[in-house]
Amino acid sequence: MMADSASGEEVAVICNTDITSAESENNIINTMVERGTALLRKMEINVAEAEKRTGKNTVNMQETYTRYLSVCRPAESVPEGGTPATPDTLWRRYSEFELLRMYLLVTYPYIIIPPLPEKRAEFVWHKLSADNLDPDFVERRRVGLENFLLRVASHPVLSNDKIFFLFLTEEKGWREEVLDTGFQDKVDSRLKSLSAMFRVKNPDKRFTALKQYSDELNTVISQLLRVRARVADRLYGVYKVHGNYGRVFSEWSAIEKEMGDGLQSAGHHMDTYAASIDDILEEEEHYADQLKEYLFYTEAVRSVCRKHELIQYELEMAVQDLAHKKQQKEELATGTVRVFSLKGMTSKLFGQESQEQRESRLAALDQSIQEGEETVMEKNTECKEFVQTAWEDIERFKEQKDKDLREALISYAIMQISMCKKGIQVWSNAKECFNKM
């Protein structure tokens, strides 16, 4: 995942370049992130364009990749006659974005880390290319990379992270900085905790409900994307039928004298309507990408829930271990063994311990119990702090999710209504053509 030389891997460059109005019209506008918060008050971040490049990777093999041009500059207004700040120009491979996100995921386990755009196109209608170098896919991925940077930059905690700032402003040295944090060791322990088969006896009902909701949301969005892809296939067929209508009407007009002009005009309306399908379905893919973002967000939510389960499990194990030590002390002090143990059988067979041995063991148990109590207190504090900080971020995420998905679905509905109105208008125009024949 963190390799520098994967074939077809994207590259991003961060610099200070103004976007012309013509470029803005050609690019999909990102409306999913509120601007002017946290780091965004000090810095403007945009991914402006993308282009293909061909070169040799580390094993001297030819590869084709995409690089993304990103704009990153101070947001302070320049006084009249003043000179804008000199920007930094940075090259970034996609693996560096992955490295940054993994660092954030490990360093801030109580935060729902924004997802990266998909590496390969999923849930697409079959007429659309799933190639990661396809221009339409590259354009949508440009929006996704910009959205990721803006999500992090607008977060009240993540935006203050030193490594993230270095990612935006330093071409060299930031990778060494992130590796020096030692987060990779935490990655290993995190992966081990995910594979461990542990059971929490007293799970937090709020996190249990959140995990269930995340699973259900993942299922619902996946189904919605599949249905949308099937509908897009059918819609594509309907538009192509209109293209057939246009061809037939045009051919028919060639053999008619009185009706020729009307048939030719009707055929022209049908051809125009059929030709608009590619742009319409590409716009649909933009709204689908907004749903995909929250499909990937569900895994980030589950990651927070799993981390809480692990902390809760460690707390329960510490409490259980402390109770066991206290029981050992009581049995040693009273000479009564409550449960069968090898130690008890050994004492019966070979005699009791001397007073000095018993006192030595009691002292050791007292020390161990004291350490166990401190461990329980630390784990209990860690668990409470995690719940508090995590739930604050979860509430923030819920508010963001409701707002974003509401806007995306409303925009999608408006687009569908507009598309239907255009279809009605085409047939109304065709009707007028037929009436004039």
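This text goes with the structure placed above it.
This is a predicted model, so every value here is computed, not measured.

Visitor: Which residues make up the packing of helix 3 (residues 135-154) against helix 9 (residues 277-334), and what values go with them?
Guide: Two numbers describe how helix 3 lies on helix 9: the axes approach to 11 Å, and their chain directions differ by 40°. Looking at the two axes, helix 3 sits oblique to helix 9. The element helix 3 and its partner helix 9 pack so that their crossing is right-handed. From helix 3, Asp136, Arg140, Asn147 and Arg151 reach across to helix 9, where they touch Glu282, Glu285, His286, Asp289, Glu293, Tyr294 and Tyr297. Considering only residue class, the contact of helix 3 with helix 9 consists of 2 nonpolar, 2 polar and 7 charged.

Visitor: Go over the nonpolar core, please, and point to the residues and values.
Guide: Ile45, Leu149 and Leu168 are the most contacted members of the largest nonpolar core, which has 35 residues in total. Listed by contribution, the elements that provide at least two residues to this core are strand 2 (43-56), helix 2 (94-107), helix 3, helix 4 (162-169), helix 5 (174-180) and helix 6 (183-195). Looking at this core element by element, the count peaks at 9 residues for helix 2. One finds Val304, Ala318, Ile369 and Phe397 within the second-largest nonpolar core, a separate group that totals 29 residues.

Visitor: Break down the packing of aromatic side chains for me, with residues and values.
Guide: Under the criterion given, the structure shown has 15 aromatic pairs. Arranged with centres 6.3 Å apart and planes meeting at 80°, the rings of tyrosine 108 and tyrosine 110 form a pair that is edge-to-face. For tyrosine 108, a relative accessible area of 12% puts it in the buried group. Using a relative accessible area of 23% as the deciding quantity, one classes tyrosine 110 as partly exposed. Centre to centre, the rings of tyrosine 287 and tyrosine 412 are 6.2 Å apart; their planes meet at 75°, and the pair counts as edge-to-face. Of the two residues, tyrosine 287 is situated in helix 9 and tyrosine 412 in helix 11 (residues 355-435); the sequence distance between them amounts to 125 residues. Residue class for tyrosine 287 comes out buried when judged on its relative accessible area of 15%.

Visitor: Please set out the pattern of salt bridges residue by residue, giving values where relevant.
Guide: Using the criterion set out here, one finds 24 salt bridges in the structure. Across the pair glutamate 146 and arginine 142 runs a salt bridge, and its minimum N-O distance is 4.0 Å. Taken together, the residues span about one helical turn, with glutamate 146 and arginine 142 both in helix 3 at a distance of 4 residues. Accessibility expressed as a relative area gives 3% for arginine 142, which makes it buried.

Visitor: Before we move on, can you summarise the environment of methionine 43 with the specific residues and values?
Guide: One can find methionine 43 in strand 2. Once the C-alpha coordinates of methionine 43 and cysteine 72 are considered, the two residues, 29 residues apart in sequence, prove to be 6.7 Å apart.

Visitor: Tell me about helix 2, and please be specific about residues and values.
Guide: Between the first and last C-alpha of helix 2 there are 20 Å, a value that for 14 residues agrees with the 20 Å anticipated at 1.5 Å per step. Taking burial as the measure, the 14 residues of helix 2 include 13 buried ones, the bulk of the element.

Visitor: Outline the packing of helix 2 against helix 3, supporting the account with residue identities and numerical values.
Guide: It is the contact of helix 2 with helix 3, at a shortest axis distance of 13 Å, that shows an interaxial angle of 30°. Taken together, helix 2 and helix 3 sit at an angle that is classed as roughly parallel. With respect to the hand of their crossing, helix 2 and helix 3 are arranged in left-handed fashion. Every residue of helix 3 that contacts helix 2 at Tyr94, Phe97, Leu100, Arg101 and Leu104 is listed here: Arg141, Leu145, Phe148, Leu149 and Val152.

How each quantity is defined
- Residues numbered from 1 in each chain as written.
- Predicted model: local features only at pLDDT ≥ 70, side-chain atom pairs only at ≥ 80, totals over all residues.
- Heavy atoms only, no water.
- Axes fitted to C-alpha atoms, helices over the stretch in contact; angles between N-to-C directions.
- Helix = DSSP H or I, 4+ residues; strand = E, 2+ residues; numbered from the N terminus.
- Parallel < 35°, antiparallel > 145°, perpendicular 65-115°, else oblique.
- Left-handed = near helix turned anticlockwise from the far one by under 90°.
- Contact = heavy atoms within 4.5 Å.
- Nonpolar A, V, L, I, M, F, W, Y, C, P; charged D, E, K, R; others polar.
- Core = buried A, V, L, I, M, F, W, Y, C linked by side-chain atoms within 4.5 Å.
- Buried < 20%, exposed > 50% of the residue type's maximum accessible area, 1.4 Å probe, protein only.
- Phe/Tyr/Trp six-rings, centres within 6.5 Å; stacked < 30°, edge-to-face > 60°.
- Salt bridge = Lys/Arg side-chain N within 4 Å of Asp/Glu carboxyl O.
- Expected span 1.5 Å × (residues − 1).

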